[in-house]
Amino acid sequence: MSKTAETEGALETRGIEQVPDHERTARTRELFPTWVGANISVLLLTMGASLVVAYHLNIWQALVVAIAAPIVSYGLVGLIGIAGKRGGAPGMALSRAVFGQRGNLLPGSLIWVARWGWETINAVTGAYAMLTILDIVLGIKANSVLDMVMLLIFVVATFAISGLGINAVQKCNKYATYLFGVFSVLVLVYLAVNTDWSKVMDHSAGSTAAVITGIGMIAAGGVSWIPSAPDFTRYLPRTASSKAIVGTAVGGAGIVVLPMVLMGAVMAVSTPDLASATDPVSFLGEILPTWIAVPYLLIALIGMLLINSMSMYSAGFTAQTLGFKVPRHWAVSVNAVISLIFGGVLMLVATSFMGSFIAFLSLLAVAFSAWVGVFGADMLRRTEYDGRAMTDTTRTSAYWYRGGFSPAAVAAWAVGLVGGLMFTTSDWFTGPLAKNNVIGEYGLGWVATIVISGLLYLALPKPAVVTPAPATEPAEEPATAGV
């Protein structure tokens, strides 16, 4: 990421306003470590184990899931990321052009709230990683007070990285990618030598429905990044390769998801209760020798920090589009406090971490997918975004439409969201249409959401596409872009 007037130094001060063309000097290859860092999570090991224990898949079916899931989810991440180079602004700011200045508050609010849960899950997992390290190295056992202390440390560290901005996030991702690669190879070699491969290969195959459901479960994590994709591509020049944007997203995610899901599936042979464990991290201390487990957990901890930092970084923009009149780095603090509170509740109350996590993922994917369907369909007709209209939240904005709403976009989003939930099954909620049909049986509620919202938006009459004003320095939204 090239240094500019707005990004030079430790603290990024640019908010949701459009990045001027002269500052858009980033390169697509810099996105690769971003999407690697977005997936360095021990939760992938636990989900890989769930494929074997809960979904009853064999190793070959787990391989299919591990290949297909990042292609599906991060293919969408890359495609929506193209909007970032077209408009030079964060995803939820560009969304104003689609939904209208007021209409954008509806999907924006839901996505912001959904991020609370995602960041809570990541914070809790990071805290568990620190607790496991303390247990392995110093023999200190977890208790309620120590749980909260570790959670607080993790959230504060996350806030520090995400508050600094995109340069800090991308530099951390770059170094974490190298470290993760080295120690993942060590873990793979150890498992290859010490695993009872006859038990792994003799595992019977599961159903086709279970394979597709497994793909959806793993892909749901990637779906949560789709609205954030333009946040990380907005510094790319307009001439950047769209194919490269998609390729780096799929490649960066796939190089992590594939080995970690397979490692989790193999580990499930010796730890069959992994998929239902209250603590999704401590099993590593039991399966791996200390000389591998401790550094691997440290890297996993760094990975969780980066994932949460990226999420909070985007959440800061979302908060600004919702009308929080504060600088981006202070908007991030709202999500930090919320993840601390919710994380404390989850660590003290939840009896099955993985059960809660999978239930959350199924609903999270639907919440994000309704926006994806509408925004993605709009990209088929819109190749430019008016920076001045995006930051003008008054009636004079070209994106005001009817009373601040685009009726087609809001209606398609709402219908797609409700329709997707009706086909969704989870431990917390089961829709009335989730039984006795392929969509519900295969866990495709989030796919149905994208299709319903996208097709309906294409069918409904829409406002004319706004042609951007002649290239001038875009107006800044008061009190949201500066320090």
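Above this note sits the structure.
This report concerns the structure included in the present document. (Residues numbered from 1 in each chain as written. Predicted model: local features only at pLDDT ≥ 70, side-chain atom pairs only at ≥ 80, totals over all residues. Heavy atoms only, no water.)

### A look at the overall build of the protein
Next, step 1: Within the protein, the secondary structure is distributed over 19 helices and 0 strands.
Next, step 2: For the protein, with 483 residues in total, the buried portion stands at 59%.
Next, step 3: When contacts within the protein are restricted to residue pairs at least 6 apart in sequence, those whose partners lie at least 24 apart make up 88%.
Next, step 4: Accessible surface, the protein: about 17,700 Å² in total, of which carbon and sulfur atoms supply 69%. (Helix = DSSP H or I, 4+ residues; strand = E, 2+ residues; numbered from the N terminus. Buried < 20%, exposed > 50% of the residue type's maximum accessible area, 1.4 Å probe, protein only. Contact = heavy atoms within 4.5 Å. Areas by Shrake-Rupley, 256 points an atom, 1.4 Å probe, with all protein chains shown as cover.)

### Here we look at the packing of aromatic side chains
Next, step 1: Applying the stated criterion across every chain yields a total of 5 aromatic pairs.
Next, step 2: For the ring pair W371 and F375, a centre distance of 4.5 Å and an interplane angle of 15 degrees mean the geometry is stacked. Of the two residues, W371 and F375 are both situated in helix α15 (residues 353-379); the distance of 4 residues between them amounts to about one turn of the helix.
Next, step 3: Note on W371: relative accessible area 0%, which makes it buried.
Next, step 4: The buried category is assigned to F375, whose relative accessible area is 0%. (Phe/Tyr/Trp six-rings, centres within 6.5 Å; stacked < 30°, edge-to-face > 60°.)

### A look at empty space enclosed by the protein
Next, step 1: With the rule as written, the count across this model stands at 4 cavities of 30 Å³ or more.
Next, step 2: As a volume, the largest cavity reaches approximately 190 Å³.
Next, step 3: Together, 20 residues line the largest cavity, and N39, L44, M47, W118 and G221 are the ones closest to its centre.
Next, step 4: In the lining of the largest cavity, the residues fall into 14 nonpolar, 6 polar and no charged. (1 Å grid on protein atoms, 1.4 Å probe; cavity = no way out; pocket = protein on both sides within 12 Å on 5 of 7 lines; lining within 4 Å. Points joined across faces, edges and corners; volume = space filled by probe spheres on them. Nonpolar A, V, L, I, M, F, W, Y, C, P; charged D, E, K, R; others polar.)

### Focus: the nonpolar core
Next, step 1: Counting 133 residues, the largest nonpolar core has W35, I218, W225, W371, F375 and Y385 as the members making the most contacts within it.
Next, step 2: Excluding residues within four positions of it along the chain, I218 makes contact with L44, M47, V65, A69, V257 and V261.
Next, step 3: By size, the runner-up hydrophobic cluster in this structure holds 6 residues, among which are W112, W116, A319 and L322. (Core = buried A, V, L, I, M, F, W, Y, C linked by side-chain atoms within 4.5 Å.)

### Observations regarding a nonpolar patch on the surface
Next, step 1: A contiguous nonpolar surface patch, about 470 Å² in accessible area, is contributed by L380, V447, V451, L455 and L458.
Next, step 2: Turning to its location among the elements, L458 is positioned in helix α19 (residues 445-459). (Patch = residues over 30% accessible without salt bridge, like charges linked within 9 Å, V, L, I, M, F, W, Y side chains within 5 Å. Salt bridge = Lys/Arg side-chain N within 4 Å of Asp/Glu carboxyl O.)

### Looking at helix α2 (residues 43-53)
Next, step 1: Of all 11 residues making up α2, 10 are buried, and the element is well covered by its neighbours.
Next, step 2: Listed as buried for α2 are L43, L44, L45, T46, M47, G48, A49, S50, L51 and V52.

### Overview of the environment of K435
Next, step 1: Topologically, K435 is positioned in the loop between α17 (407-422) and α18 (438-441).
Next, step 2: For K435, a relative accessible area of 55% gives the class exposed.
Next, step 3: For the pair K435 and F423, spaced 12 residues apart in sequence, the C-alpha to C-alpha distance is 7.8 Å.

### Some thoughts on unusual backbone geometry
Next, step 1: For H56, which is not glycine, the phi dihedral falls at a positive 60 degrees.
Next, step 2: Counting through the fold element by element, H56 comes out in the loop between α2 and α3 (59-87).
Next, step 3: For H56, a relative accessible area of 49% corresponds to the partly exposed category.
Next, step 4: Within the chain, Y401 stands out as a residue other than glycine whose phi angle is a positive 55 degrees.
Next, step 5: By the element assignment, Y401 lies in the loop between α16 (387-391) and α17.

### Concerning the environment of V447
Next, step 1: Looking at the element boundaries, V447 is found in helix α19.
Next, step 2: For the pair formed by V447 and G373, sequence separation is 74 residues and the distance between their alpha carbons is 9.2 Å.

### Section: α17
Next, step 1: Here α17 contains 16 residues, and its C-alpha end-to-end distance of 23 Å stays within 8% of the 22 Å for a straight helix at 1.5 Å per residue.
Next, step 2: Within α17, burial applies to A408, A409, V410, A412, W413, G416, L417, G419 and G420. (Expected span 1.5 Å × (residues − 1).)

### Focus: the packing of α2 against helix α9 (residues 208-223)
Between two packed helices, what matters for the description is the angle formed by their axes and the separation of those axes.
Next, step 1: With their axes 11 Å apart at the nearest point, α2 and α9 run at an angle of 170 degrees to one another. Comparing their axes, α9 and α2 come out roughly antiparallel. Of the residues in α9, those in contact with L44, M47, S50 and L51 of α2 are G214, M217 and I218. (Axes fitted to C-alpha atoms, helices over the stretch in contact; angles between N-to-C directions. Parallel < 35°, antiparallel > 145°, perpendicular 65-115°, else oblique.)

### Topic: the packing of helix α5 (residues 105-138) against α17
Next, step 1: Contact geometry for α5 and α17: axes closest at 10 Å, N-to-C directions at 40 degrees. Between α5 and α17, the angle is such that the two are oblique. Residues L106, P107 and L110 of α5 touch α17, and the partners they reach there are V410, W413 and L417.
Next, step 2: When its residues are assigned to classes, the contact of α5 with α17 shows 6 nonpolar, no polar and no charged.

Function-wise, these values are silent; they only describe arrangement.
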